[in-house]
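Structural description and commentary
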Amino acid sequence: MIRDTLEGMQQDPASTGETTFEQRQITVRTAPKYVPFLVLGGLIGLAVAAVSAFGFPNPQSLSNPARSYDPSTVFGFLAVLFAGVGVVLGAIAALILDRIGRKRSRIATVQALSPEENRAAAQAEQDDDA
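Presented here is an overview of the structure given in this document.

About the cut-offs
- Residues numbered from 1 in each chain as written.
- Predicted model: local features only at pLDDT ≥ 70, side-chain atom pairs only at ≥ 80, totals over all residues.
- Heavy atoms only, no water.
- Helix = DSSP H or I, 4+ residues; strand = E, 2+ residues; numbered from the N terminus.
- Contact = heavy atoms within 4.5 Å.
- Axes fitted to C-alpha atoms, helices over the stretch in contact; angles between N-to-C directions.
- Left-handed = near helix turned anticlockwise from the far one by under 90°.
- Nonpolar A, V, L, I, M, F, W, Y, C, P; charged D, E, K, R; others polar.
- Patch = residues over 30% accessible without salt bridge, like charges linked within 9 Å, V, L, I, M, F, W, Y side chains within 5 Å.
- Areas by Shrake-Rupley, 256 points an atom, 1.4 Å probe, with all protein chains shown as cover.
- Salt bridge = Lys/Arg side-chain N within 4 Å of Asp/Glu carboxyl O.
- Lys, Arg positive; Asp, Glu negative; His and termini not counted.
- Charge placed at Lys NZ, Arg CZ, Asp CG, Glu CD.
- Buried < 20%, exposed > 50% of the residue type's maximum accessible area, 1.4 Å probe, protein only.
- Pairing = 2+ DSSP bridges.
- Expected span 1.5 Å × (residues − 1).
- Arc of directions from axis to C-beta.

1. Topic: the environment of Gly41
Tracing the chain through its elements places Gly41 in helix H3 (residues 34–54). Excluding its chain neighbours within four sequence positions, the residues that come into contact with Gly41 are Gly86 and Val87.

Structure, rendered in structure tokens:
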């Protein structure tokens, strides 16, 4: 009795002519790409540093030129500071958008294609590329 059950379980569906395809449920959601947010935050930080360093006159250079800093030196210091802050703010913005995307996620049911359908889909994709 047990042997018959095991033999029935070991039968390949393709050899019997039956094909069964499993349906699964997946979660579909949008997710932001983090690298563009980080790069954009860093670039905005560099722009703010440039405006801060070169856009305003140095009040110390008018009163005592010996104790003033060169604007490019000030830009270097501010660039490190503001670019780091910009990258952190870009990451926070990406995380917020990721949380929003998770709340708007949907559940979809998918099913694998049969070998014939898979070949037809691949052929249609090749025809679209041509």
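2. Comments concerning the packing of H3 against helix H5 (residues 71–103)
Viewed as axis vectors pointing N to C, H3 and H5 meet at an angle of 150°, and their least axial separation amounts to 6 Å. Here H3 runs over H5; the crossing is right-handed. Here the contact of H3 with H5 is composed, by residue class, of 22 nonpolar, seven polar and one charged.

3. Remarks on a negative patch on the surface
Among the surface-exposed residues, Glu125, Asp127, Asp128 and Asp129 lie close enough to one another that they form a single negatively charged patch. Its location among the elements puts Glu125 in helix H6 (residues 115–129). Given the relative accessible area of 54%, Glu125 is considered exposed.

4. Brief notes about the pairing of strand S1 (residues 23–28)
Counting buried residues in S1 gives zero out of six residues, a small share hidden from the surface. Note that S1 and strand S2 (residues 106–111) share six bridges and pair antiparallel. Its bridge partner being in S2, Thr27 is matched across the sheet by Ile107.

5. Topic: the pattern of salt bridges
In total, this model carries two salt bridges according to the counting rule given. Of the charged contacts, one joins Arg102 and Asp98 as a salt bridge, the two residues approaching to 3.8 Å between their closest N and O atoms. Highlighted residues: Arg102 and Asp98, both in helix H5, separated by four residues, approximately one helical turn. The class of Arg102 is partly exposed, set by a relative accessible area of 42%.

6. As for H3
Between its first and last C-alpha atoms H3 spans 30 Å; for 21 residues at 1.5 Å apiece the expected length is 30 Å, and the two agree. Looking only at H3, the buried set comprises Gly41, Gly42, Gly45, Ala49 and Ala53. Buried residues in H3, looked at end-on, bunch into an arc of 100°, giving them a common side. Exposed and facing more than 90 degrees away from the buried side of H3 are Leu43, Val51 and Phe54.

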